[in-house]
Amino acid sequence: MRWIPLLVILVLSFLSGNYIIHNIEDFNKKRMSLLSLVYMTLLGAILFTPMSFNGIDAYVMPAGVGRVNLYHIYYDVGFFENIILTIPLGFLIKKSFTELSIVSMIPVGLMIGAAIETMQYYLSHAFLINRTSDISDVVANGIGIVVGSILLLIYQQTYEKQLLNNRI
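Note that this is a predicted model, so its numbers are computed, not measured.

**Q** Could you give an account of the overall build of the protein, with specific residues and numbers?
**A** Secondary structure assignment for the protein yields five helices and four strands. Starting at the N terminus and walking to the C terminus, you meet the elements of the protein as α-α-β-β-β-α-α-β-α. Dimensions of the protein, computed from C-alpha atoms along their principal axes, come out at roughly 60 × 40 × 30 Å. Restricting the contact set of the protein to residue pairs at least 6 apart, pairs at least 24 apart contribute 78%. Surface summary for the protein: the accessible area is close to 10700 Å², and the carbon and sulfur share equals 69%. Side-chain charges in the protein split into 10 positive and 10 negative, and the spacing between the mean points of these groups amounts to 8 Å.

If you want it as structure tokens, here you go:
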């Protein structure tokens, strides 16, 4: 029962990958879609299954409902790991929704972080995946998403400048 979320993630990823491979003709778009799918699959496995990664080791957590921290923000290694983990997500969101400004990415990032932690809370109680719902993670996820969107803008400006220099 604890592995049902992983099974759902893998089935959805397989179906999405199959769709991408058979229906997207443009090579660059197909490659970007498959890379995004791999990232999202790994992100889902890290966030919503009883598997845990601490940067060095991977292990299966014991069954349980996890803890909840709504009051204290801890700036530990896990805080910075969560930032790094969600930078590509911010990159993908900003690439998909180009009309969003950096300022509007702040509430988007916090809402996505809150949604992740809420889902972890629910799945911990429904499937005993033993995930902690933490306000620190909400803040770290929000920061990572904003940083990812800033990096996309920097990349786009650098790439466009390079294209202009090559034309001249």
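**Q** For the environment of M1, give the residues involved together with the corresponding values.
**A** Mapped onto the secondary structure, M1 falls in the segment before α1 (4-23). For M1 and D134, which are 133 residues apart along the polypeptide, the C-alpha to C-alpha distance reads 24 Å. Apart from residues lying up to four places away in sequence, M1 is in contact with A126 and F127.

**Q** Account for the packing of helix α2 (residues 27-48) against helix α3 (residues 77-96), with residues named and values stated.
**A** At a closest axis distance of 11 Å, the pairing of α2 and α3 adopts a crossing angle of 135°. In terms of their interaxial angle, α2 and α3 are classed as oblique. Crossing hand, α2 versus α3: left-handed. Where α2 abuts α3, its residues M32, S36, Y39, M40, L43, I46 and L47 lie against L85, T86, P88, L89, F91, L92 and K95. Tallied by class, the residues present in the contact of α2 with α3 amount to 11 nonpolar, two polar and one charged.

**Q** Any details on the environment of V77? Residues and values, ideally.
**A** Secondary-structure assignment places V77 in helix α3. Residues V77 and N54, 23 residues apart in the sequence, show an inter-C-alpha distance of 8.8 Å.

**Q** Help me get a handle on the nonpolar core, residues and values and all.
**A** Side chains that are nonpolar tend, in soluble globular proteins, to be buried together. Among the nonpolar cores identified, the biggest contains 16 residues, and L43, L47, F48 and L89 are the most heavily contacted of them. Every element with two or more residues in this core is listed here: α2, α3, α4 (102-127) and α5 (135-167).

**Q** Describe the packing of aromatic side chains, naming the residues involved and giving the relevant values.
**A** On inspection of all chains with the given rule, the structure shows three aromatic pairs. With a centroid separation of 4.9 Å and an interplanar angle of 70°, the aromatic rings of Y75 and F79 are classed as edge-to-face. Taking relative accessible area as the criterion, Y75 reaches 58% and is therefore assigned exposed. A ring pair is formed by Y155 and Y159, whose centres lie 6.0 Å apart and whose planes are at 15°; its orientation type is stacked.

**Q** Could you give me a rundown of unusual backbone geometry, with the residues and numbers involved?
**A** One non-glycine residue with positive phi stands out, namely L128, at about 55°. With respect to the helices and strands, L128 occurs in the loop between α4 and β4 (133-134). A residue is classified by how much of its surface remains accessible, and L128, at 37% relative accessible area, is partly exposed.

**Q** With reference to specific residues and values, describe α1.
**A** Over its 20 residues, α1 runs 28 Å from end to end, which matches the ideal 28 Å to within 8%, given 1.5 Å per residue. Along α1, the residues that are buried comprise P5, L6, I9, S13, G17 and I20. Projected down its long axis, α1 shows its buried positions confined to an angular sector of 95°, all on one face. Across α1 from its buried face, at more than 90 degrees, point the exposed residues L7, L12, F14, Y19 and H22. In this structure, the buried residues of α1 make contact with α2, β1 (51-53) and α4.

How each quantity is defined
Residues numbered from 1 in each chain as written. Predicted model: local features only at pLDDT ≥ 70, side-chain atom pairs only at ≥ 80, totals over all residues. Heavy atoms only, no water. Helix = DSSP H or I, 4+ residues; strand = E, 2+ residues; numbered from the N terminus. Contact = heavy atoms within 4.5 Å. Areas by Shrake-Rupley, 256 points an atom, 1.4 Å probe, with all protein chains shown as cover. Lys, Arg positive; Asp, Glu negative; His and termini not counted. Charge placed at Lys NZ, Arg CZ, Asp CG, Glu CD. Axes fitted to C-alpha atoms, helices over the stretch in contact; angles between N-to-C directions. Parallel < 35°, antiparallel > 145°, perpendicular 65-115°, else oblique. Left-handed = near helix turned anticlockwise from the far one by under 90°. Nonpolar A, V, L, I, M, F, W, Y, C, P; charged D, E, K, R; others polar. Core = buried A, V, L, I, M, F, W, Y, C linked by side-chain atoms within 4.5 Å. Buried < 20%, exposed > 50% of the residue type's maximum accessible area, 1.4 Å probe, protein only. Phe/Tyr/Trp six-rings, centres within 6.5 Å; stacked < 30°, edge-to-face > 60°. Expected span 1.5 Å × (residues − 1). Arc of directions from axis to C-beta.

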